[in-house]
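# An overview of the molecular structure
The primary structure of each chain is shown beneath.
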Amino acid sequence: MAETASLTLFVNGEEHALELDTRTSLLDLLREHLGLTGAKKGCDHGQCGACTVLIDGRRANACLAFAVAHDGAKITTIEGLANGELHPLQSAFVAHDALQCGYCTPGQICSAVGMLAEVAMGWPSHVTADVAAEPELDRSEIRERMSGNICRCGAYPNIVSAIEEVSG
Amino acid sequence: MSVAVRPLGSPLERIEGHDKVLGAARYAYEHAPDGVAYAVIVPAAIAKGVVGSIDAAEALAVPGVLGVLTAQNAQELADASGELAVLQSPRVAYRGQIVAAAIADSLETARHAAHVVRVVYEVAPHDVELRAGHPGLYKPDKVNPNFATDTEEGDVEAALGSAEVTVDATYTTPAQHNNPMEPHATIAAWEGGGLQLHDSTQGAWGVVSAVAKVFGLDPDKVRVISPHVGGGFGSKGTPRPHVVLAAMCARHVGRPVKLAVTRQQMFTLTGYRTPTIQRLQLGADGAGRLRAIAHDVIEQTSTVQEFAEQTALATRMMYAAPARRTTHRLVALDLPTPSWMRAPGECPGMFALESALDELAVACGVDPIELRVKNEPQVDPESGHPFSTRNLIACLREGAERFGWDDRPEPAARRDGRWMVGMGVASSTYPARRAASTAHASAAADGTYTFRITAADIGTGARTVLTQIAADALDVPMDRVRVEIGDSESGQAMIAGGSMGTSSWGTAVVEACRRLRAGETEVHVDTADGARAAAAEPLAKHSFGAQFVEVRVDADTGEVRVPRALGVFACGRILNPLTARSQFVGGMTMGISMALFEETILDPALGAYVNRDLAMYHVPTNADIGEIDIGWVDEHDPHVSPMGSKGIGEIGIVGTAAAVANAVYNATGLRVRDLPITPARLIGRI
């Protein structure tokens, strides 16, 4: 039976005071309640990454997050990245044709934003040779770190090139 | 006026690229009509039998639930058969078939209600395993879409019996699921006796035709809108049962209804590639010249409707051999109906044929490229017609140079630490056709032009390339042309399928431009006559390509990696090198995936495909795909389209899996004839 809860979220800088069915995922909140359909539902099980958003600056699968568990959080979606002009990653994705159908694209871009922040913080990955050193973001590192976001159209080499251009 | 750089042939960015990277492009489910309700499917929990009774009382008592639709209260459809006869009978033909739907004012409530619909079944024994020797095997009347089931020329058995060198091998490919990133979704709204659908489809006009028939409506009363589609790969080429269900639910509750198929449900409701069992027999002289080819295919369909994949089709035209036979046999199983998945027929069939060619090359001691050159036909072996263009050898030669084929090691001869390294090659092909399409075009006083055509952009770049075609034909800059697609109000048009979209729609656009340049300001064109004439030309029209792959096989774990691959294609004129390259890369990526990862696994006891999500059904992630290089040979084929182009959407997947398997042989000396090439198929044999 449905229960509701009150919470406040800051989505792309805008405050939302919400009264929500507690079963509502962050993804369904964005898509069905706030009209922010940029985050996509590809699997609803945290397996494809199409719903990736930034929660307090960290990339996360919005489909695996209950909205009520994030009271007070700052959420950034694909709609919040551009600031009058395209975010550099958005421009690079267009220029490198790093998309085809475009359905995974918002998740890829949000994931890349989060990933670049992780690298800036010095986080190693599975393919980092020396985990104590500052990570060098080569193509192999980008591939590994972007593997939580599936692209069925197969734009991977172009996605790597787009991110490489922005990070380089 | 003229422009410095002609738009056609230029690597222009996607017109909707900004909308897509901004999250502003709206896909089917992303509309919010007033009063919209949510429907959730209740799938059958048995593989075969009948629904004895359904108790929806608990579901209906949930606050916010608007209705539960079952076979007991569903409307009788006017003319529905096969998979679209939704809720018309209590019969269950496969596990996961739609037996009910719950409709509520929120998604959360509808999902809960669907879970508490109590369905009681009368279970019957099921038959789900495809195997050679199945007593139900039969010869279908034709194979998809309308090809002869069997062909035979010459005395194949005699030629095989007298051949100096023979290959006789059986190859299998598993069931595979398309899995576009956007799950199939529909928003249905009835208004004034008409039906409007926001639908994720490869062809809005096809949905109109099918849905109008199902509901007994005049096609004028149905409108389908789909400006952005999140991939399809064939699975959205025809409307699936959820489209009908969404419209039934909307009528039942008297409100617009949105319905998305879940990722898990996509494994039962949206089509898949049939598993195949393919026996290839090749007979050749000692130098590798083919004397006989026999390709005998066993595959499955359902008890709901027939789908007969044309798996041996490419074998009819690829190589010259005086004696040739192809056959297809089907068995109808208690499973969902297979359907189109990227290059149906050519994709699984060329895995077998191109693997067998590699085996023949080894048996004859001939280089695999030279073997193909030796067997290049002068005319189409099946029809005797000349090819409109056939540049397979040019692709093989250019690819060999570019890939460094001369550096190919002897089998099982090259090691790099624990990695065994090898190279493989295979040919690609795909038919090059076009179909009838209509288009509207108008010229405005300010020098701008608007085209309306029911094309679909499923990621191909259709909107962009049609704008290029129009700007080029009108000799005006791109920004003077607006092309509106994805709305059935624009009339009949070919679907985005069969690699025929651009050829079909582009021909209509070119014809419209010709009339605009002649002075008309409002034109409506229909290319039906021209498409018929083109199909009747005594020419064999196909695209060709050559696929090169390097593999590294971990000698300890059997893991196969593909660090680099190259595809060189002959697909007529390339209209947009940027988006064309992406399509080729995408096709090859799916081919590598077919070779190494994809397999929908059947549980015979449950009577169901069980790995029904993206955690268990493996598609490649970024880390699985290495560098993919693409090239093409200069070609211009006016017989296929006035642009000189052929189709490019499917050929990229054709032959890739064979190139990988052939490279695995070169690396390890082990022939893997059953896909996918998982570590389990290699470990213990290395």
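Please read these numbers as outputs of a predicted model, since none were measured by experiment.

Rules behind the numbers
Residues numbered from 1 in each chain as written. Chains lettered and ligands numbered in written order. Predicted model: local features only at pLDDT ≥ 70, side-chain atom pairs only at ≥ 80, totals over all residues. Helix = DSSP H or I, 4+ residues; strand = E, 2+ residues; numbered from the N terminus. Rg over C-alpha atoms; globule rule 2.2 N^0.38 Å. Contact = placed C-beta atoms within 7 Å. Nonpolar A, V, L, I, M, F, W, Y, C, P; charged D, E, K, R; others polar. Expected span 1.5 Å × (residues − 1). Buried ≥ 20, exposed ≤ 12 C-beta atoms within 10 Å, placed from the backbone. Arc of directions from axis to C-beta. Axes fitted to C-alpha atoms, helices over the stretch in contact; angles between N-to-C directions. Parallel < 35°, antiparallel > 145°, perpendicular 65-115°, else oblique. Left-handed = near helix turned anticlockwise from the far one by under 90°.

This brings us to the overall build of chain A. Across its full length, chain A holds 5 helices and 5 strands. Reading chain A from its N terminus to its C terminus gives the helix and strand order β-β-α-β-β-β-α-α-α-α. Taken against the 2.2 N^0.38 rule, which gives 15 Å for 168 residues, the C-alpha radius of gyration of chain A at 16 Å falls within 12% of a compact globule. For the C-alpha atoms alone, the extent of chain A along its principal axes is close to 50 × 35 × 30 Å. Look at the contacts in chain A between residues 6 or more apart in sequence, and 56% of them connect residues 24 or more apart.

Another aspect to go through is the interface of chain B and chain A. Taken residue by residue, the interface counts 48 residues in chain B and 49 residues in chain A. At 7 residues, the largest contribution of residues to the side of chain B that touches chain A is made by helix H14 (residues 577-596) of chain B. A breakdown of the residues in the side of chain B that touches chain A according to their chemical character gives 21 nonpolar, 17 polar and 10 charged.

On to helix H10 (residues 392-403) of chain B. All names here are of chain B. The end-to-end C-alpha separation of H10 is 16 Å, in line with the 16 Å expected for 12 residues at 1.5 Å each. Inspection of H10 places Leu392, Cys395, Leu396, Gly399, Ala400 and Phe403 among the buried residues, and these make up the whole buried set. Taken end-on, H10 shows its buried residues confined to a sector of 125°, consistent with a single buried face. At its buried positions, H10 is contacted by helix H9 (368-374), strand S17 (419-431), strand S22 (542-554) and strand S23 (560-570).

The next thing to look at is the packing of helix H2 (residues 88-95) of chain A against helix H3 (residues 105-120) of chain A. Residue and element names in this part refer to chain A. Relative orientation of the contacting elements H2 and H3 amounts to 130°, with a least axis distance of 10 Å. By the angle between their directions, the pair H2 and H3 is classed as oblique. Between H2 and H3 lies a crossing whose hand is right-handed. Note on element contacts: H3 touches H2 through Thr105, Ile109, Ala112 and Val113, opposite Leu89, Gln90 and Phe93.

Residues and elements named next belong to chain B. Looking at where Phe351 falls in the secondary structure, it is placed in helix H8 (residues 346-364). Under the C-beta neighbour-count criterion, Phe351 is labelled buried, with 30 such atoms within 10 Å. Taking C-alpha positions, Phe351 is 39 Å from Leu22, a pair spaced 329 residues apart along the chain. Not counting residues up to four positions away in its chain, the partners in contact with Phe351 are Tyr171, Thr173, Ala657, Ala658 and Leu675.

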